[in-house]
Amino acid sequence: MAYDFIQTRVAGRVGWITLDRPEALNALNAAMVSEIVRALAGFGADPDIGCVVLTGSDRAFAAGADIKEAAGRSYPETFLENFLASWDAIAHLRKPLVAAVAGYALGGGCEIMMMCDVIIAAETARFALPEVKIGVMPGAGGTQRLARAIGKAKTMDLCLTGRMMDAAEAERLGLVSRVVPASELLAEAQAVAEGIATKSRISTMAIKEAVNRAFETSLSEGLLFERRTFHALFATQDQKEGMAAFVEKRAPQFRDM
Ligand code: CAA
């Protein structure tokens, strides 16, 4: 499928989406977001894909929503069209989504990064929610997902000042899963994603659902959801295969059944 603002490829059981709008540091215009959503839907429906990686360039994962596109918008327009609501589809992908982040992850770029499940950052990565500097505020989940990821004090600091944070600070705060040298970023992302993709998709998708439930519900409801889902996995052939393979000291052959 041809796209104008992204590139897609498949490596093993991993689907890759590379943001490709270098002249604007991968600023997210409406067309690019709709391409990302379309590509995710394709990988989501493909039984040969077990994990998706979202990445940008060395210089920028994405420098935010396209400010030039948004500058002339009115309140009635943004409200009636529910501006940015289409971005939510990224968070709704049921398969695990890995972000491989180098350079700027700012504003909406940081927000789509936070919609991903595993975040691998290059040492060059820089994060900010700088919307306050242009008279607005994060609008694609930034205030909510950042607060859940790193707590109130740091979220207020970042959102109210718009300051830039480096990869070491992001790792220390638990915003990213791991930090690697820039030259190793894509190989590390592929290795992590392939490791996920070769597990039973029933397990990995159930795990994603259960972890996300932790941010939506009470502890007792979340624990019950986890326990019942865990029980349900005993109805799968992949559970039989995974445990038999352990006992027989061989690699499991999962069939997503
Ligand atoms: N939207 C539109 N264009 C952008 C952009 C953005 N978010 N970020 C960068 N660009 C464009 C620049 O306008 C420039 O284009 P021209 O050559 O045509 O002028 C090109 O990308 C290169 O950028 P700079 O010349 O500014 O590069 P730099 O190295 O001097 O600075 C930067 C890099 C610090 C990332 C700077 O570009 C910047 O501050 N960008 C804006 C970051 C920002 O405010 N993001 C939040 C957007 S609002 C949002 O995301 C709302 C939301 O919640 C969804």
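Structure shown above.
Keep in mind the model is a prediction, meaning the values are calculated, not measured. (Residues numbered from 1 in each chain as written. Predicted model: local features only at pLDDT ≥ 70, side-chain atom pairs only at ≥ 80, totals over all residues. Heavy atoms only, no water.)

Q: Go over the overall build of the protein, please, and point to the residues and values.
A: Helix and strand content of the protein: twelve helices and ten strands. For a compact globule of 257 residues, the expected C-alpha radius of gyration is about 18 Å, and the protein comes in at 19 Å, within 12% of that figure. Each principal axis of the C-alpha distribution contributes one length, and for the protein these read about 60 × 45 × 40 Å. Relative to its 257 residues, the protein shows a buried fraction of 41%. Look at the contacts in the protein between residues 6 or more apart in sequence, and 67% of them connect residues 24 or more apart. By element, 58% of the accessible surface of the protein is carried by carbon and sulfur atoms, the whole surface being about 13,400 Å². Each charge class in the protein can be summarised by its mean position, and for the 28 positive and 31 negative side chains these summaries are 5 Å apart. (Helix = DSSP H or I, 4+ residues; strand = E, 2+ residues; numbered from the N terminus. Rg over C-alpha atoms; globule rule 2.2 N^0.38 Å. Buried < 20%, exposed > 50% of the residue type's maximum accessible area, 1.4 Å probe, protein only. Contact = heavy atoms within 4.5 Å. Areas by Shrake-Rupley, 256 points an atom, 1.4 Å probe, with all protein chains shown as cover. Lys, Arg positive; Asp, Glu negative; His and termini not counted. Charge placed at Lys NZ, Arg CZ, Asp CG, Glu CD.)

Q: Pulling in residues and values, what's your account of the site of the ligand?
A: Close to the ligand lie 24 residues; Arg-59, Gly-108, Glu-111, Glu-131 and Gly-139 are nearest. Within the backbone of Gly-139, an N or O atom sits 2.9 Å from an oxygen atom of the ligand. Considering the ligand on its own, with 980 Å² of exposed area, one finds that the protein chains cover 64% of that surface. Every element with two or more residues in the shell around the ligand is listed here: α2 (67-70), β6 (104-106) and α5 (108-114). (Near = heavy atom within 4 Å. Polar contact = N/O pair within 3.5 Å; in protein donor to acceptor, adjacent residues only side chain to side chain.)

Q: Before we move on, could you go through the sheet that holds strand β1 (residues 6-11) and cite the residues and values that matter?
A: Through backbone hydrogen bonds, the strands of a sheet pair up, either in parallel or in antiparallel fashion. Within the open sheet, the six strands sit side by side as β1-β2-β3-β5-β7-β10. Their pairing is mixed. Both edges of this open sheet fall to β1 and β10 (178-180), since each of them pairs with a single strand only. Averaged over neighbouring strand pairs, the angle between their axes works out to 20 degrees when direction is ignored. Here strand β2 (residues 14-19) pairs with strand β3 (residues 51-55) via five bridges, running parallel. Looking at the pairing, Gly-15 lines up with Val-52 of β3. With respect to the sheet, helix α9 (residues 185-197) is in contact with β1, β2, β3, β5 (97-101), β7 (118-122) and β10, its orientation differing from that of β7 by roughly 165 degrees. (Pairing = 2+ DSSP bridges. Axes fitted to C-alpha atoms, helices over the stretch in contact; angles between N-to-C directions.)

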